[in-house]
Amino acid sequence: MKTNWKALFSPKNIGLILLGNTIYSFGIVAFILSSGLITGGTAGIGLIFFHQFGLPISTFISLFNIVVFILGAVVLGKAFALTTLISSFYYPFILSIFENIPALQQITNDRVICTIYAGLLIGLGIGLVLRAGASTGGVDIPVLILNKKFGLPVSATLYVVDVCILLGQMIFADKEQVLYGICLVFIYTIVLDKVLMIGKSHVQVKIISQYSNEIKDMILHQLDRGVTLLHGQTGHLEQECDVVLTVISNRELPRLNELVLGVDPQAFMVINHVNEVKGRGFTLGKK
């Protein structure tokens, strides 16, 4: 399949990658390094090397990202390597910038506040990068390689890797730090999922009515949404009927409900929230 390089490196996507990595690195410096918290991912491995060997975290991340970037390019291909290139080199650069800003070292010493805000910022940052179709690099790459070579599920493998990294930090961390680290991983995982779903949730509506043709025309011309007619049969009277199926945005639901009830007050409507919709009118432009 031909790669759409223009879309891949559009100004919007590049902007999201840079913004996401900036937010991610800010959360690490302002709320993890300054409070002594521990975390998973590449930053978590960097903390281990920092405490054991005194190697600056930004230096470790730069070296680690170079190694896994080359490995990913060899195993996963050129397209993957190019989408990861920006994160792999920009993230350690901006991290080193934030590390040298004294004001970020003294925002707060409250570990609860730091755990919450670090989780929010890390989840938001990674989510923005993934929404741009890129990878944050780091430990993501070995996990993706394991998925390609051995079919291991990405999410489950990431959880296992993060837990192992947290356990590895028990060399220098106390039990309380480990508990905060687990909470941090949960928070940024939840935030990451929410960020990835922003703007993708829609509503699927099935309408059963004896006025199916009128309702179909109303949806097509007044809501400007697509419609599919499904052949059905009522269960009690066994009468033939058409089921009107449409997918609309959340904000269009009250308007659809008003229009349908205006045509048939007895209409039977089944409403479901769907996580993502692809196709004309949603991911593709309308004709």
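Residues numbered from 1 in each chain as written. Predicted model: local features only at pLDDT ≥ 70, side-chain atom pairs only at ≥ 80, totals over all residues. Heavy atoms only, no water.

Asks: Before we go on, may I ask you to explain the side chain of Q177 in this structure?
Replies: Looking at where Q177 falls in the secondary structure, it is placed in helix 9 (residues 175–197). Once residues within four sequence positions are removed from consideration, Q177 is found in contact with G36, I38, R111 and F172. (Helix = DSSP H or I, 4+ residues; strand = E, 2+ residues; numbered from the N terminus. Contact = heavy atoms within 4.5 Å.)

Asks: Help me understand the packing of helix 10 (residues 212–223) against helix 11 (residues 253–263), please; the structure alone is not making it clear to me.
Replies: How two helices pack is summed up by the angle between their axes together with the distance between the axes. It is the contact of helix 10 with helix 11, at a shortest axis distance of 10 Å, that shows an interaxial angle of 145°. Handedness of the helix 10/helix 11 crossing: right-handed. Here helix 10 contributes E214, I215, M218, I219, Q222 and L223 to the contact with helix 11, which in turn contributes R255, L256, L259, V260 and V263. Its residues assigned to classes, the contact of helix 10 with helix 11 comprises eight nonpolar, one polar and two charged. (Axes fitted to C-alpha atoms, helices over the stretch in contact; angles between N-to-C directions. Left-handed = near helix turned anticlockwise from the far one by under 90°. Nonpolar A, V, L, I, M, F, W, Y, C, P; charged D, E, K, R; others polar.)

Asks: Looking at this model, I keep getting lost on the pattern of salt bridges. Mind explaining?
Replies: Note that side chains of opposite charge can pair when their charged atoms are close. All told, the structure shown has four salt bridges when counted by the stated rule. Across the pair E176 and R111 runs a salt bridge, and its minimum N-O distance is 3.3 Å. Remark: R111 occurs in helix 6 (residues 111–131) and E176 occurs in helix 9; sequence separation between them is 65 residues. Here K216 ties to D217 by a salt bridge, and the two come within 4.0 Å at their closest N and O atoms. Classification of D217 by relative accessible area gives partly exposed; the value is 37%. (Salt bridge = Lys/Arg side-chain N within 4 Å of Asp/Glu carboxyl O. Buried < 20%, exposed > 50% of the residue type's maximum accessible area, 1.4 Å probe, protein only.)

Asks: How do you make sense of the sheet that holds strand 4 (residues 268–274) when you look at a structure like this?
Replies: Two pairing modes exist for strands in a sheet, parallel and antiparallel, and in both the strands are linked by backbone hydrogen bonds. An order of 2-3-1-4 is seen for the four strands of this open sheet, with the pairing classed as antiparallel. Either end of the sheet is taken by a strand with one partner, and the two such strands are strand 2 (228–233) and strand 4. Going from strand to strand, the sheet's axes swing by 25° on average, the running direction of each strand aside. Pairing of strand 2 with strand 3 (residues 240–248), which is carried by six bridges, proceeds in the antiparallel orientation. Paired with Q233 across the strands is E240, a residue of strand 3. Across the sheet, helix 10 is in contact with strand 1 (202–208), strand 2 and strand 3; its angle to strand 3 comes to roughly 15°. Packed on one face of the sheet, helix 11 meets strand 1, strand 3 and strand 4 and runs near 10° to strand 1. (Pairing = 2+ DSSP bridges.)

Asks: Could you clarify how one ought to interpret the packing of helix 4 (residues 57–76) against helix 7 (residues 140–150) in this entry?
Replies: Where helix 4 meets helix 7, the closest approach of the two axes is 9 Å, and the angle between their N-to-C directions is 25°. Considering the angle they form, helix 4 stands roughly parallel to helix 7. You can see that helix 4 and helix 7 cross each other, and the crossing is left-handed. On the side of helix 4, the interface is formed by V68, F69, L71, G72, V75 and L76, while helix 7 contributes I141, P142, L144, I145, K148 and K149. Partitioning the contact of helix 4 with helix 7 into residue classes produces nine nonpolar, one polar and two charged. (Parallel < 35°, antiparallel > 145°, perpendicular 65-115°, else oblique.)

Asks: Explain helix 7 here, please?
Replies: Each α-helix turn comprises 3.6 residues. Residues three or four places apart therefore point the same way. Taken residue by residue, helix 7 has D140, I141, V143 and I145 as its buried positions. G151 sits one or two residues past helix 7 and shows a positive phi near 75°.

Asks: Looking at this model, I keep getting lost on the nonpolar core. Mind explaining?
Replies: Nonpolar side chains tend to gather and get buried jointly when the protein is soluble and globular. The biggest cluster of nonpolar side chains holds 41 residues, and the ones touching the most others in it are I28, I32, Y91, L95 and I122. The contact partners of L95, leaving out residues within four places of it in the chain, are S25, I28, V29, I57, S58 and I61. V203, V205, I207 and I248 belong to the second-largest nonpolar core, a separate cluster that totals 15 residues. (Core = buried A, V, L, I, M, F, W, Y, C linked by side-chain atoms within 4.5 Å.)

Asks: Sorry if this is basic, but what is going on with the packing of aromatic side chains here?
Replies: In this description, an aromatic ring pair is defined by two values, namely the gap between the centres and the angle between the planes. Within the structure shown, the criterion is met by eight aromatic pairs. Seen in terms of ring centroids, F49 and F53 are 5.6 Å apart; in terms of plane orientation they differ by 45°. Their pairing is tilted. With F49 and F53 both in helix 3 (residues 41–53) and four residues apart, this pair spans about one turn of that helix. Taking relative accessible area as the criterion, F49 reaches 32% and is therefore assigned partly exposed. Here the aromatic residues F26, F31, F98 and Y117 are joined through ring pairs into a cluster of three or more. (Phe/Tyr/Trp six-rings, centres within 6.5 Å; stacked < 30°, edge-to-face > 60°.)

Asks: Is there a simple way to explain the confidence of the model for the protein chain in this structure?
Replies: Considering every residue of the protein chain, the mean pLDDT works out to 82; 90% of them sit at 70 or more. Here helix 1 (residues 5–8) stands out as the least confident element of the protein chain, with mean pLDDT 56; strand 1 is the most confident, with 90. (pLDDT = per-residue confidence, 0-100.)

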